[in-house]
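Letter by letter, the chains look like this.
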Amino acid sequence: MSPARVTGALQGLRVIDLSRVLGGPYCTQALADHGAEVIKLEPPGGDETRGWGPPFVGETASYFVGVNRNKQGICVDLSREEGREVLWQLLDGADVLVENFKPGTLERWGMDYAKLAERYPRLIHCAISGFGPDGTLGGLPGYDAAIQAMAGLMSVNGESEGPALRIGLPVVDMVTGLNALSGILLALAEREKSGLGQSLDIALYDCAVSLLHPHLPNYFGNGRTPQRSGNAHPNIAPYDSYRTATEPIFLAVGNDRQFAKLVSHLNAPELAHDARFVDNRSRCEHRRELKESLERLLQAHACEPLAAELIRGGVPCGPVQTVDAVARHPHTRHRQLIVEIGAYRGTGTPIKLSRTPATYRTPPPTLGGNTRSVLDALGIDATTQQRLFDAGVLKG
């Protein structure tokens, strides 16, 4: 069915993608980048993120464009029995089904996992939801920012004297997509031994709680509720942003050797032997004095040249860069993190494989753009297809 030659570690794998918004599509784009054939089904109105703009690329929001390349797109009304029959045909020979419907939706359609497994015992079913299917919050809807709030992420994000803040990117959705990807690959590996698929339950809430490091371990260790600390790390110092003569620099000094290199470069090697700063425990206990001492020294330096000297000298650090600067940075290009397919521009995969690297073959599909070609490949005759189009079951 694929319109272009496919290579990659997952070549030959077929994925039926019923997901929308971010967590599921982020997962399935990663599968597609590494060679899986991903067929994305959208309802007649499309994935809601097609309208999450501006900015737009043509009529499609950049938000959607960012997580749906390398997929074939078909438009099917699954609320109709005829639409679900198309889905059953797509699942014949599929390896993975990814969906993020509200728990209970597939059961209502007569497509719960027990029925899927009975008909397709090798199928791996990945269900992504807000809170899972059961428990006190089971079945309730969940979006990234609301779950950042509920799972404690916002409570530790922001300045110490300021309000709790949403992390400035959809980190819960994205880590959920990565956990779904990991779960699918685990299930595929196990299927090689058992010959059987299984169902994956991936919840945004679970994934958000899993991100509470080191705050949850710290709470287990001392019983104190973690507080916001701005850019400062709760367990390490100096690990914060610091004023320089120009823009701020972020220092991420993780051990005493790095601290000695830092203060030596700043012509104050005696600070490494100061009792207040001699080790990480001491530096954490004297954070205010440490920051004052370092910022006095840093005022003599411009951020960018200092950061370049320090990092080459073994001190982890960097200037606080804006997104446009990251997009222009030569190392971003060198690491192949900007993908271009005709007019399409996107973010490259961070997963680098030596023999079977990711490939970027097609831009995100238009709504229903591959409906006819996919159904042709399924062997659905033109008369039946036209009847379904005329009835509004299909669009394309």
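Counting of residues starts from 1 at the beginning of each chain's written sequence and follows it residue by residue. Two thresholds apply to this predicted model, a pLDDT of at least 70 for residue-level local features and 80 or more for giving and counting side-chain atom pairs, whereas whole-chain, interface and lining totals are computed over all residues. Note: side-chain values were computed over all heavy atoms of the structure, leaving out hydrogens and water.

Under the annotation held in an unreviewed UniProt entry, the protein chain carries the name Acetyl-CoA:oxalate CoA-transferase and is attributed to Pandoraea eparura.

Trainee: Explanation requested: the nonpolar core in the structure shown.
Mentor: A general feature of soluble globular proteins is that nonpolar side chains tend to end up buried together. Think of a nonpolar core as a cluster: buried Ala, Val, Leu, Ile, Met, Phe, Trp, Tyr and Cys residues, connected wherever their side-chain atoms sit within 4.5 Å. For every residue, the accessible area obtained with a 1.4 Å probe (protein chains only) is divided by the maximum for its type, and the residue is called buried under 20%, exposed over 50%, and partly exposed between those limits. Core analysis: the largest hydrophobic core is formed by 32 residues, its most contacted members being Val15, Leu31, Val96, Cys126 and Ile184. Contributing elements (two or more residues each) for this core: helix 1 (23-33), strand 6 (96-99), strand 7 (124-129), helix 7 (171-194), strand 8 (199-203) and helix 8 (204-210). Numbering goes from the N terminus for both helices and strands, where a helix is a DSSP run of H or I of at least four residues and a strand is a run of E of at least two. Sorting elements by how many residues they give to this core places helix 7 first, with eight residues. Look past the residues within four positions of Val96 in its chain and what remains in contact with it is Leu13, Arg14, Val15, Ile16, Leu123, Ile124, Ile184 and Leu188. Formed by 28 residues, the second largest nonpolar core is a distinct cluster that contains Leu78, Leu91, Leu97 and Leu106. In what follows, residue pairs with any heavy atoms lying within 4.5 Å of each other are defined as contacts.

Trainee: Explanation requested: the sheet that holds strand 9 (residues 239-242) in the structure shown.
Mentor: Strands sit in the order 9-10-11 across an open sheet of three strands; the sheet is antiparallel. Both edges of this open sheet fall to strand 9 and strand 11 (317-319), since each of them pairs with a single strand only. Sheet twist, expressed as the mean angle between neighbouring strand axes with direction ignored, is 15°. Here an angle of 0 to 180 degrees is reported between the N-to-C directions of two axes, which are lines fitted to C-alpha atoms, with helices fitted over the stretch in contact. Strands in contact with helix 13 (residues 303-312) are strand 10 (249-252) and strand 11; relative to strand 11, the strand with the most contacts, it is inclined by about 160°. The pairing criterion for strands is at least two bridges between them, as found by DSSP.

Trainee: How do you make sense of the sheet that holds strand 7 when you look at a structure like this?
Mentor: Sheets are built from strands that pair by backbone hydrogen bonding, the pairs being arranged parallel or antiparallel. As summarised here, the arrangement of the seven strands in space is 8-7-6-1-2-5-14, forming an open sheet in which the pairing is mixed. Edge positions in the sheet fall to strand 8 and strand 14 (394-395), since each has one partner strand and no second. Relative to strand 5 (residues 71-76), strand 2 (residues 37-42) runs parallel, the two being bridged by five bridges. When the sheet's bridge partners are listed, Glu42 is paired in strand 5 with Cys75. Packed on one face of the sheet, helix 1 meets strand 1 (14-17), strand 2, strand 5, strand 6 and strand 7 and runs near 160° to strand 1.

Trainee: For this particular structure, what's the right way to read unusual backbone geometry?
Mentor: Excluding glycine, residues mostly have negative phi values, and the peptide bonds linking residues are mostly trans. The omega torsion across Pro54 and Pro55 is 5°, close enough to zero to call that bond cis. Considering the arrangement of structural elements, one finds Pro55 in the loop between strand 2 and strand 3 (56-57). One non-glycine residue, Asn267, adopts positive backbone phi at about 60°. Taking relative accessible area as the criterion, Asn267 reaches 68% and is therefore assigned exposed. Residue Gln336 is not a glycine yet carries a positive backbone phi of 55°. By secondary structure assignment, the location of Gln336 is in the loop between helix 15 (330-334) and strand 12 (338-341). Accessibility expressed as a relative area gives 55% for Gln336, which makes it exposed.

Trainee: Got a minute to help me understand helix 13 in this structure?
Mentor: Helical periodicity: at 3.6 residues per turn, an α-helix aligns residues three or four positions apart in one direction. Buried within helix 13 we find Cys303, Leu306, Ala307 and Leu310. The arc that holds every buried residue of helix 13, seen down its axis, measures 100°, which confines them to one face. Close packing links the buried residues of helix 13 with strand 10, helix 10 (256-265), helix 12 (287-298) and strand 11. Once helix 13 ends, the next one or two residues include Gly314, with phi positive near 95°. When we speak of the arc, we mean the arc of directions from the helix axis to the C-beta atoms.

Trainee: Help me understand the packing of aromatic side chains in this model?
Mentor: In this description, a pair of aromatic rings is defined by centroid distance and the angle of the planes. Note on aromatic contacts: the rings of Phe and Tyr and the six-membered ring of Trp form a pair at centre separations within 6.5 Å, being stacked when their planes are under 30 degrees apart, edge-to-face when over 60 apart, and tilted otherwise. Under the defined criterion, the tally for this structure stands at seven aromatic pairs. Each ring, one from Tyr239 and one from Phe250, has its centre 5.7 Å from the other, and the planes form 85°; the classification is edge-to-face. Here Tyr239 is found in strand 9, whereas its partner Phe250 is found in strand 10, with 11 residues between them in sequence. Members of the aromatic cluster, joined through ring pairs, are Trp52, Tyr63 and Tyr143. Positioned over the ring face of Phe64 is Arg50, at 4.0 Å from the centre of the ring. Counting as a charge over the ring demands two things of the Lys NZ or Arg CZ atom: a distance within 6 Å of the ring centre and an angle within 35 degrees of the ring normal. One Lys or Arg, Arg372, reaches over the ring of Phe389 and ends 4.0 Å from the middle of that ring.

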